[in-house]
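Reading the structure
Chain residues, written in single-letter form:
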Amino acid sequence: MEILRTADGLRQWSRASRKAGRSIGLVPTMGALHAGHASLIRAAADSCGRVAVSIFVNPTQFGPNEDFARYPRTFDADCALAQAEGAHIIFAPYVEELYPDGAATFVEVEGLSERLDGKSRPGHFRGVATVVAKLLIAAEPVRAFFGQKDAAQVAVLRRMVADLRIGTEIVVCPIVREHDGLALSSRNVYLSAGERAQALTLSRAVRSAEDLVAHGERSATALLEAARAVFDAEPSVRVDYIELVDWATLEPVASAVPGSLFAVAAWFGATRLIDNTVFS
Ligand code: PAF
């Protein structure tokens, strides 16, 4: 499988593929691929004629005290997984390719970028929007695939694509979980055994809200209280946020309606993880 290193190379591959009648699906990743990414690649292969997987640990979406340097890098295994799931090429640029000397252009999705994860990770969504815009401009895909686990990221990218009139459809795939409910994340490898056990509070908190809604409760206060009680039972867990918001605007809502996003984030030692559910 070919590994492309330049945006021009990706653009040429995309244009040649489309000339040959193949639509392009793009799966943007930071590598350290797991079964969640595999499901995105499969979804892309199911609906697009050619699939590009990008692997790029994007420095601009990490804060100064975050885990950029130690983020897991497993390039050879990632290429093997991507190929097995149906990818046709890997786009793995070096940092200087996407951020050439003197690069001064960033994409800021105002408002949304300061909510949920953006509140505790200032600048994070600016980095995400910027790199995804660069990838979409180079690959010109008909569809790009993202996991629902990063639900706030999805909201930011949907807004960006609509505002910039980028003709790519954003496809969102369901959260993939371990057998005990923990949402898959490349950062799960950081967890000690004790933290791994505590991290189950995330999916438990999400389920507590889902159970209430299944029984007819819709008030934000009740859902937030139920989730808070789950975290309170594990005093060493530091909650970042528990929120019920409109998925499009990320603004808090008073009751769960179709399209409401219930999202949680918490720290387990030095590792911050997230989880969510979207009500129908
Ligand atoms: O979700 C991710 O892995 C990253 O935020 C993304 C979309 C690949 C941008 O770097």
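For the structure itself, look to the data block above.
A short tour of the structure in this document, coming up. All of these numbers come straight from a predicted model, not from anything done at the bench.

Points about the overall build of the protein
Looking only at helices and strands, the protein has 10 helices and nine strands in total. Here the protein has a C-alpha radius of gyration of 19 Å; the compact-globule value for 280 residues is 19 Å, and the two agree. Dimensions along the principal axes, computed over C-alpha positions, put the protein at roughly 55 × 40 × 35 Å. Looking at the protein as a whole, 52% of its 280 residues qualify as buried. Pairs at least 24 apart in sequence give 72% of the contacts found in the protein among residues at least 6 apart. Total accessible area on the protein is roughly 12600 Å²; 52% of this is exposed by carbon and sulfur atoms. Here the protein contributes 29 positive and 33 negative side-chain charges, whose respective centroids are spaced 4 Å apart.

Digging into the sheet that holds strand 8 (residues 260–268)
One open sheet holds the three strands; their spatial order is 7-8-9, and the pairing between them is antiparallel. Two strands close off the open sheet at either side, each with one partner strand: strand 7 (238–246) and strand 9 (271–278). Neighbour-to-neighbour, the strand axes of the sheet open up by a mean angle of 15°, direction not taken into account. Pairing of strand 8 with strand 9 involves eight bridges; the strand directions are antiparallel. Considered in strand 9, the bridge of Trp267 is made with Arg272. Helix-sheet contacts for helix 10 (residues 220–232) involve strand 7 and strand 8, and the interaxial angle to strand 7 is about 160°.

Regarding the site of the ligand
The ligand sits among Pro28, Thr29, Met30, Asn58, Gln61, Val128, Val131, Val132, Phe146, Asp150 and Gln153. In this structure, an oxygen atom belonging to the ligand sits 2.6 Å away from a side-chain N or O atom of Gln61. The side chain of Gln153 places a nitrogen or oxygen atom 2.7 Å from an oxygen atom of the ligand. Contact with the protein chains removes 88% of the 290 Å² of surface that the ligand exposes when unbound. For the shell around the ligand, the secondary structure elements donating two or more residues are strand 2 (24–29) and helix 6 (124–139). It is helix 6 that provides the largest number of residues to the shell around the ligand, a total of three residues. Residues of the shell around the ligand, tallied by class, amount to six nonpolar, four polar and one charged.

What to know about the nonpolar core
Within the largest apolar cluster, 46 residues are counted, with the highest numbers of intra-cluster contacts made by Leu10, Leu116, Val132, Leu136, Met160, Leu250 and Leu261. Elements supplying a minimum of two residues to this core: helix 1 (7–19), strand 2, strand 4 (89–91), helix 6, strand 5 (143–147), helix 7 (151–163), strand 7 and strand 8. In terms of residue count, the dominant contributor to this core is helix 6 (10 residues). For Met160, the contacting residues outside a window of four places in its chain are Val107, Val109, Ala129, Val132, Ala133, Leu136 and Ile166. Membership of the second largest hydrophobic core comes to 24 residues, among which are Ala205, Ile242, Val264 and Phe279.

Observations concerning the sheet that holds strand 6 (residues 169–173)
The strand order 1-4-3-2-5-6 describes an open sheet built from six strands, whose pairing is parallel. At either margin of the open sheet sits one strand with a lone partner, and together these are strand 1 (2–4) and strand 6. Here the strands of the sheet are splayed against their neighbours by 25° on average, with no regard to which way each runs. Pairing between strand 2 and strand 5: two bridges, direction parallel. The residue bridging Leu26 from the neighbouring strand is Ala144, located in strand 5. The sheet contacts of helix 1 involve strand 1, strand 2, strand 3 (50–55) and strand 4, and relative to strand 3 the element is tilted by about 170°.

Thoughts on the environment of Glu225
Within the element layout of this structure, Glu225 appears in helix 10. A sequence separation of 92 residues divides Glu225 from Ala133, and the C-alpha atoms of the two residues are 38 Å apart.

So, the packing of aromatic side chains
Taken as a whole and judged by the stated rule, the model has three aromatic pairs. Look at Phe62 and Phe68: their rings are 5.4 Å apart centre to centre, the planes differ by 65°, and that puts the pair in the edge-to-face class. Residue Phe62 is classed as buried on the basis of its relative accessible area, which comes to 9%. Judged by its relative accessible area of 29%, Phe68 is partly exposed. An aromatic cluster of at least three residues, connected via ring pairs, comprises Phe62, Phe68 and Tyr71. Over the aromatic face of Phe106 sits the side chain of Arg126, whose NZ or CZ is 4.1 Å from the ring centroid. The ring of Trp247 carries the charged tip of Arg158 above its face, separated from the ring centre by 4.5 Å.

The rules behind these values
- Residues numbered from 1 in each chain as written.
- Predicted model: local features only at pLDDT ≥ 70, side-chain atom pairs only at ≥ 80, totals over all residues.
- Heavy atoms only, no water.
- Helix = DSSP H or I, 4+ residues; strand = E, 2+ residues; numbered from the N terminus.
- Rg over C-alpha atoms; globule rule 2.2 N^0.38 Å.
- Buried < 20%, exposed > 50% of the residue type's maximum accessible area, 1.4 Å probe, protein only.
- Contact = heavy atoms within 4.5 Å.
- Areas by Shrake-Rupley, 256 points an atom, 1.4 Å probe, with all protein chains shown as cover.
- Lys, Arg positive; Asp, Glu negative; His and termini not counted.
- Charge placed at Lys NZ, Arg CZ, Asp CG, Glu CD.
- Pairing = 2+ DSSP bridges.
- Axes fitted to C-alpha atoms, helices over the stretch in contact; angles between N-to-C directions.
- Near = heavy atom within 4 Å.
- Polar contact = N/O pair within 3.5 Å; in protein donor to acceptor, adjacent residues only side chain to side chain.
- Nonpolar A, V, L, I, M, F, W, Y, C, P; charged D, E, K, R; others polar.
- Core = buried A, V, L, I, M, F, W, Y, C linked by side-chain atoms within 4.5 Å.
- Phe/Tyr/Trp six-rings, centres within 6.5 Å; stacked < 30°, edge-to-face > 60°.
- Lys NZ or Arg CZ within 6 Å of the ring centre and 35° of its normal.

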